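Residues per chain are reported as follows:
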Amino acid sequence: MLIGGHVSTAGGLANAVERGSERDCEAIQIFHQSPRMWRPTAYTDDDFEAFRQAMDASRLDVVVIHAVYLINCASKEREVRRKSLTSLKHALRIGDGIGAGGVVLHAGARKGEPHEPSVKRAGKAIREALESSERCPLLLENTAGTQGPLGRNFDELAELIDAAGAGKRLGACLDCCHLLASGFEIRSIDALAGVIDEFDAKVGLERLHCVHVNDSKVPLGANRDRHANLGDGELGRKGLRVFLSEPRFEDLPALIETPGSDGHGPDRNEVRTAKRLRRDGLRQRT
Ligand SMILES: [Zn+2]
Ligand SMILES: [Zn+2]
C-alpha cells in the first residue's frame, strides 16, 4: 500500500511533490486548480516536465488528481454540463501531462431529477472527456450526501461505468468515510470483506485504482460527507485498522483527505498515524 495524502500545489505543481515528501508520503493527491471555481489554471509543458522530474527524484510513486467539486456531469442544465465537461477534459489532459495514476471524480448529483436520465447524461459527458485525452484513467469515487449524488453504492458505480462505455480507462476510488456514511458497515474484518466482495461482483476489483482514507464525523448511514481526522470519528482506530489492512487494497495508493491538526489538510502526523494503523491492522490479521 502506498500511503499518503492530499497536498497543496500552491506556488506551482511541482511544489506538491516537496510537500508530499515532507510528510513522508508514498503517494499524493492534488487539485489541479481551485476545486470550488470553474476558472482553470493554465500549465505549460515545462510545468509538466518539472513535475515529472520532481516525482522521479522523490520517493513518491503515484500522484492522483482530484477533479473540481463543482462538476456535475448529470446536471439537467446544459450550461453546467458544458462547464463540467470542459473542466474534466482539462483535468484529464493535465493527468496525461504529469503521468497521473488517475483523475478522481464525483460524477454528479441528481438534485431531484429522475435517476436513469441523470446516469445517462453523466455517462455521456464522461465518455466524451475520455475521448479527448489519451492515457489518464478516470476514477469514479463512491459518494455520500443528501443531494442525490450518483455513486452512493456499487450498483450506481457500475451503472455509471456502463453508461460511460465501460472502457479500460474507467476505474473507481473507494472512500471509507463515504462508505460508512452511505450505510456500509466496514468496521470489522468480515464486514469489510463482504463489502469488497460486493464491489468485486458489481464493479470489478480490477477497476479499483485507489482508496481514500478518512474518518467520518457522522455515523453509519447518516448520509453526509464530513471528514474527521484519523481515529477521531465513527470509523475510529479499529475501523481504520481494518480498512488499511484489507489484503485486496495491498497495491493501491491510500490517500488521506482529513482536515489535519490545523485544518489545512493531512499533515505528517496523519500520514504517520495511517502507517501505524496499517501495521497494527496487519499484525491483528495474522
Ligand atoms: Zn474522498
Ligand atoms: Zn468526502
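How each quantity is defined
- Residues numbered from 1 in each chain as written.
- Chains lettered and ligands numbered in written order.
- Predicted model: local features only at pLDDT ≥ 70, side-chain atom pairs only at ≥ 80, totals over all residues.
- Heavy atoms only, no water.
- Donors = N, O, S within 2.8 Å, 3.2 Å for Na, K, Ca; no water.
- Tetrahedral: all angles 85-135°; square planar, octahedral: opposite > 155°, others 65-115°.
- Helix = DSSP H or I, 4+ residues; strand = E, 2+ residues; numbered from the N terminus.
- Buried < 20%, exposed > 50% of the residue type's maximum accessible area, 1.4 Å probe, protein only.
- Pairing = 2+ DSSP bridges.
- Axes fitted to C-alpha atoms, helices over the stretch in contact; angles between N-to-C directions.
- Contact = heavy atoms within 4.5 Å.

Draft legend 1. Representation of the coordination of the zinc ion (ligand 1). Binding of the zinc ion (ligand 1) to the protein goes through Glu-141 (OE), Asp-175 (OD), His-212 (ND1) and Glu-257 (OE), at separations of 2.1 to 2.2 Å. With four donor atoms in place around the zinc ion (ligand 1) and angles of 83 to 166° between them, the coordination shape is irregular. Mapped onto the sequence, the residues coordinating the zinc ion (ligand 1) show the spacing E-x33-D-x36-H-x44-E. Between the zinc ion (ligand 1) and the zinc ion (ligand 2) there is a metal-metal distance of 4.3 Å. Taken as a pair, Glu-141 in strand β5 (residues 138–141) and Asp-175 in strand β6 (residues 170–175) lie far apart in primary sequence, 34 residues in all. Its relative accessible area of 2% is what places Glu-141 among the buried residues. A residue is classified by how much of its surface remains accessible, and Asp-175, at 0% relative accessible area, is buried.

Draft legend 2. Representation of the sheet that holds strand β10 (residues 253–256) in the model. The eight strands are arranged β1-β2-β3-β4-β5-β6-β7-β10 in a closed barrel whose pairing can be described as parallel. When strand polarity is set aside, the average angle formed by the axes of neighbouring strands in this sheet is 30°. In this sheet, β10 lies alongside strand β1 (residues 2–6) in parallel orientation, the contact comprising four bridges. If you follow Ile-3 over to β10, its bridge partner there is Ala-254. Taken strand by strand, helix α9 (residues 268–285) contacts β1 and β10, and its axis lies near 150° from that of β1.

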